[in-house]
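Residue-level structural notes
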Amino acid sequence: MTALDAGALLLRVIAGLTMAAHGYQKFFSGGRIAGTGRWFDSIGMRPGRLHALAAAGFEVGTGLLFALGLLTAVAGAGFVGLMLVAAWTVHRANGFFSVNSGWEYNLVLATIGVAVATTGAGAWSLDGALGLTGLSGLTGFLISAGGGLVAGAAQLLIFFRPAPAPA
């Protein structure tokens, strides 16, 4: 194992399990899907229940794929799409820094998704074990960055309908 393999493993497992845990809590903590759905409705992602289920499912799914290093470029695209939607709908008005609930954290997770997809998941990954190394490099970058941006932007254009600001 090279230093790059070890670094990719560390980033994949920590970022992937963090993303999966974020989705898990939508399913099983606090207000669960019903409460998350009401919150999605309140921020303009309608229908809220559909988006709560989609966000929770994609967070768990892409997080686990990323942690395992399986279809890492596709999982990286999921990171980018999810974080673009979260940054735009929830954190954009708060500026950059996460201490103010800004979009800093979203940028970091999206960047990790693209970076690992570009460099490759490493030798200790299912991509490596299955010989899916062709999904890294420029291909991995285009799938993760391009695919994620297109998917996130499409979701925002189709579904994001915030309430008008009070006069």
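Procedures and definitions
- Residues numbered from 1 in each chain as written.
- Predicted model: local features only at pLDDT ≥ 70, side-chain atom pairs only at ≥ 80, totals over all residues.
- Heavy atoms only, no water.
- Helix = DSSP H or I, 4+ residues; strand = E, 2+ residues; numbered from the N terminus.
- Expected span 1.5 Å × (residues − 1).
- Buried < 20%, exposed > 50% of the residue type's maximum accessible area, 1.4 Å probe, protein only.
- Contact = heavy atoms within 4.5 Å.
- Core = buried A, V, L, I, M, F, W, Y, C linked by side-chain atoms within 4.5 Å.
- 1 Å grid on protein atoms, 1.4 Å probe; cavity = no way out; pocket = protein on both sides within 12 Å on 5 of 7 lines; lining within 4 Å.
- Points joined across faces, edges and corners; volume = space filled by probe spheres on them.
- Polar contact = N/O pair within 3.5 Å; in protein donor to acceptor, adjacent residues only side chain to side chain.

1. Examining helix 5 (residues 104–119)
- When the terminal C-alpha atoms of helix 5 are compared, their 22 Å separation across 16 residues agrees well with the 22 Å that a helix rising 1.5 Å per residue should span.
- Considered for burial, the residues of helix 5 that qualify are Asn 106, Leu 109, Ala 110, Ile 112, Gly 113, Val 114, Val 116 and Ala 117.
- Looking at the packing, one finds that the buried side of helix 5 touches helix 1 (3–28), helix 3 (48–68), helix 4 (72–91) and helix 7 (137–159).
- The positive-phi residue at the C-terminal boundary of helix 5 is Gly 120, with phi of around 105°.

2. Topic: the nonpolar core
- Among the nonpolar cores identified, the biggest contains 14 residues, and Ala 15, Met 19, Phe 66, Phe 79, Met 83, Leu 109 and Ile 112 are the most heavily contacted of them.
- At the level of secondary structure, the elements contributing two or more residues to this core comprise helix 1, helix 4 and helix 5.
- When neighbours within four sequence positions are excluded, Leu 109 is seen to be in contact with Ala 15, Met 19, Phe 79 and Met 83.
- Of all hydrophobic cores here, the second largest spans ten residues; its members include Phe 40, Met 45, Ala 55 and Val 85.

3. A few points about the layout of surface pockets
- Empty space within the largest pocket amounts to approximately 650 Å³.
- Ala 55, Glu 59, Leu 82, Met 83 and Ala 86 are the residues nearest the centre of the largest pocket, which is lined by 33 residues in total.
- Counting only elements with at least two residues in the lining of the largest pocket, the list comes to helix 1, helix 2 (32–43), helix 3, helix 4, helix 5 and helix 7.
- Residue contributions to the lining of the largest pocket peak at ten residues, all from helix 4.

4. Comments concerning the side chain of Ser 125
- Position of Ser 125 relative to the elements: it lies in the loop between helix 5 and helix 6 (126–130).
- There is a polar contact of 2.6 Å between the side chain of Ser 125 and the backbone oxygen of Gly 122.
- There is a polar contact of 2.9 Å between the side chain of Ser 125 and the backbone nitrogen of Gly 128.
- In this structure Ser 125 touches Arg 12, Leu 68 and Gly 69, once residues within four positions along its chain are discounted.

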